Amino acid sequence: MNYSVAVYTDNYKQPIIDLILSIQTEEFNVAITAGDQPDLQDIPGYYQQGAGNFWLAITGNTVIGTIALSDIGNQQGALRKMFVHKDYRGKDYGVAQELLNTLLSWAKEKELQEIFLGTTDQFHAAHRFYEKNHFQRVPVDSLPPDFSRMAVDSIFYKYIFK
């Protein structure tokens, strides 16, 4: 399957919102709206600042995956908006792995020391994926002060660059 990973541009704004909301609400029944996620209305303002960025996986003109890195200061980042369309998940496609590799490579280049993320209890495959990629589960009280928690997140991870 041919796909590519690209840096976000505004012409992908609505397809990104559509992909993320469909996964959150239809697939996993998370009670969240686009209005609950103001970052999706201003991706450059939220993510493409400092050491942050936002990437998407596309095949043809179709967005099949997203991942974002928010610069939270102190050589730390927050992994956000990691979503892959259900038809493109799994190691046979490699979309999630390629998105994560892109983010980690970028973060290392920007000399970040740690990446934090939050996820919901329902995303069991995501938990396994992060753990396979050397993220360690951490308690909520160990998160940095500038890590902004999503209300739906209940499980947290940290990646330390060696």
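Throughout this description, residue numbers start from 1 for each chain and increase along the sequence as written. In view of the model being predicted, local features appear only for residues whose pLDDT reaches at least 70, and side-chain atom pairs are presented and counted only at 80 or more, with totals across whole chains, interfaces and linings using the full set of residues. Think of the side-chain values as coming from all heavy atoms in the structure, minus any hydrogens and water.

J.: Could you clarify how one ought to interpret the pattern of salt bridges in this entry?
T.: Note on definitions: salt bridges are taken to be side-chain nitrogens of Lys or Arg within 4 Å of carboxyl oxygens of Asp or Glu. Under the criterion given, the structure shown has 4 salt bridges. Notably, a salt bridge pairs lysine 158 with glutamate 114, separated by 3.5 Å at the nearest N-O pair. Of this pair, lysine 158 sits in strand β7 (residues 155–160) while glutamate 114 sits in strand β5 (residues 114–119), and the two are 44 residues apart along the sequence. As a salt-bridge pair, glutamate 131 and arginine 137 come within 3.7 Å of each other at their nearest N and O atoms. Only protein chains enter the accessibility calculation, which uses a 1.4 Å probe. A residue is then buried if its area is under 20% of the maximum for its type, exposed if over 50%, and partly exposed in between. Residue glutamate 131 is classed as partly exposed on the basis of its relative accessible area of 38%. Labels follow the DSSP assignment, with helices taken as runs of H or I lasting at least four residues and strands as runs of E lasting at least two, numbered in each case from the N terminus.

J.: Would you mind showing me how to read the side chain of threonine 66 here?
T.: Within the secondary structure, threonine 66 sits in strand β3 (residues 62–73). Each polar contact in these results corresponds to two N or O atoms within 3.5 Å; when the atoms are within protein, one needs to be able to donate a hydrogen and the other to accept it, and residues that are neighboring in sequence are counted only if both atoms are side-chain atoms. A distance of 2.6 Å separates the side chain of threonine 66 from the backbone oxygen of lysine 81, its partner in a polar contact. In this analysis, two residues are considered to be in contact whenever any of their non-hydrogen atoms come within 4.5 Å of each other. Ignoring any residue separated from it by four or fewer positions in sequence, one finds threonine 66 in contact with Ile16, Leu19, Ile20, Phe54, Trp55, Leu56, Lys81, Met82, Phe83 and Leu99.

J.: What should I look at first to understand helix α3 (residues 95–109) in this one?
T.: Residue count minus one, scaled by 1.5 Å, sets the expected span of a helix. Compared with the 21 Å implied by 1.5 Å per residue over 15 residues, the 21 Å span of α3 between its first and last C-alpha is a close match. Buried residues of α3: Val95, Leu99, Leu100, Thr102, Leu103, Leu104 and Ala107, and no others. One or two positions beyond α3, positive phi appears at glutamate 111, with a value near 65°.

J.: Before we go on, may I ask you to explain the sheet that holds strand β6 (residues 136–138) in this structure?
T.: Hydrogen bonding along the main chain pairs the strands of a sheet, whether they run parallel or antiparallel. By definition, two strands form a pair when at least two bridges between them are found by DSSP. One open sheet accounts for 7 strands, arranged β1-β2-β3-β4-β5-β7-β6; its pairing is mixed. Only two strands of the sheet have a single neighbouring strand rather than two, namely β1 (4–7) and β6. Taken pair by pair, the neighbouring strands of this sheet meet at an average axis angle of 30°, ignoring direction. Only the stretch in contact is used when fitting a helix axis, every axis being a line fitted to C-alpha atoms; angles between N-to-C directions are given from 0 to 180 degrees. The sheet strands contacting α3 are β1, β2 (53–59), β3, β4 (76–84), β5 and β7, and the helix crosses β3 at an angle near 30°. Helix-sheet contacts for helix α4 (residues 124–132) involve β4, β5, β6 and β7, and the interaxial angle to β7 is about 20°.

J.: Where do I start with the side chain of asparagine 53 in this structure?
T.: The topology assignment puts asparagine 53 in strand β2. Of the polar contacts made by the side chain of asparagine 53, one reaches the side chain of glutamine 48; its length is 3.1 Å. Dropping the residues within four chain positions of it, asparagine 53 is found in contact with Val7, Tyr47, Gln48, Ala68, Leu69 and Trp106.

J.: Whenever I open this one, unusual backbone geometry confuses me. Can you help?
T.: Glycine aside, negative phi is the norm for most residues, and most peptide bonds take the trans geometry. Positive phi, normally seen in glycine, also occurs at glutamine 75, with a value near 55°. Relative to the helices and strands, glutamine 75 resides in the loop between β3 and β4. With a relative accessible area of 42%, glutamine 75 lands in the partly exposed category.

J.: Can you help me understand the packing of aromatic side chains in this one?
T.: Centre-to-centre distance and the angle between the planes together describe a pair of aromatic rings. Here a pair means two rings of Phe, Tyr or Trp (six-membered ring of Trp) with centres within 6.5 Å. Their orientation is stacked below 30 degrees between planes, edge-to-face above 60, and tilted elsewhere. This structure, assessed with the given rule, holds 13 aromatic pairs. Relative to tyrosine 47, the ring of tyrosine 46 has its centre 6.4 Å away and its plane inclined at 45°; by these criteria the two rings are tilted. The exposure class of tyrosine 47 is buried, given its relative accessible area of 3%. Three or more aromatic residues joined by ring pairs make a cluster, and in this case those are Phe129, Tyr130, Phe135, Tyr157, Tyr159 and Phe161. For a lysine, the NZ atom is tested; for an arginine, the CZ atom; a charge sits over a ring if that atom is within 6 Å of the ring centre and within 35 degrees of the ring normal. The ring of phenylalanine 147 carries the charged tip of arginine 80 above its face, separated from the ring centre by 4.5 Å. The ring of tryptophan 106 carries the charged tip of lysine 110 above its face, separated from the ring centre by 4.6 Å.

J.: I would appreciate a short explanation of the pairing of β7 in the present structure.
T.: In summary, the side chains of a regular strand alternate between the two faces of the sheet. The pairing of β5 with β7 spans 6 bridges and is antiparallel. Within the sheet, the bridge partner assigned to isoleucine 115 lies in β7 and is tyrosine 159. Here β6 pairs with β7 via 3 bridges, running antiparallel. Bridged to valine 138 within β7 is phenylalanine 156.

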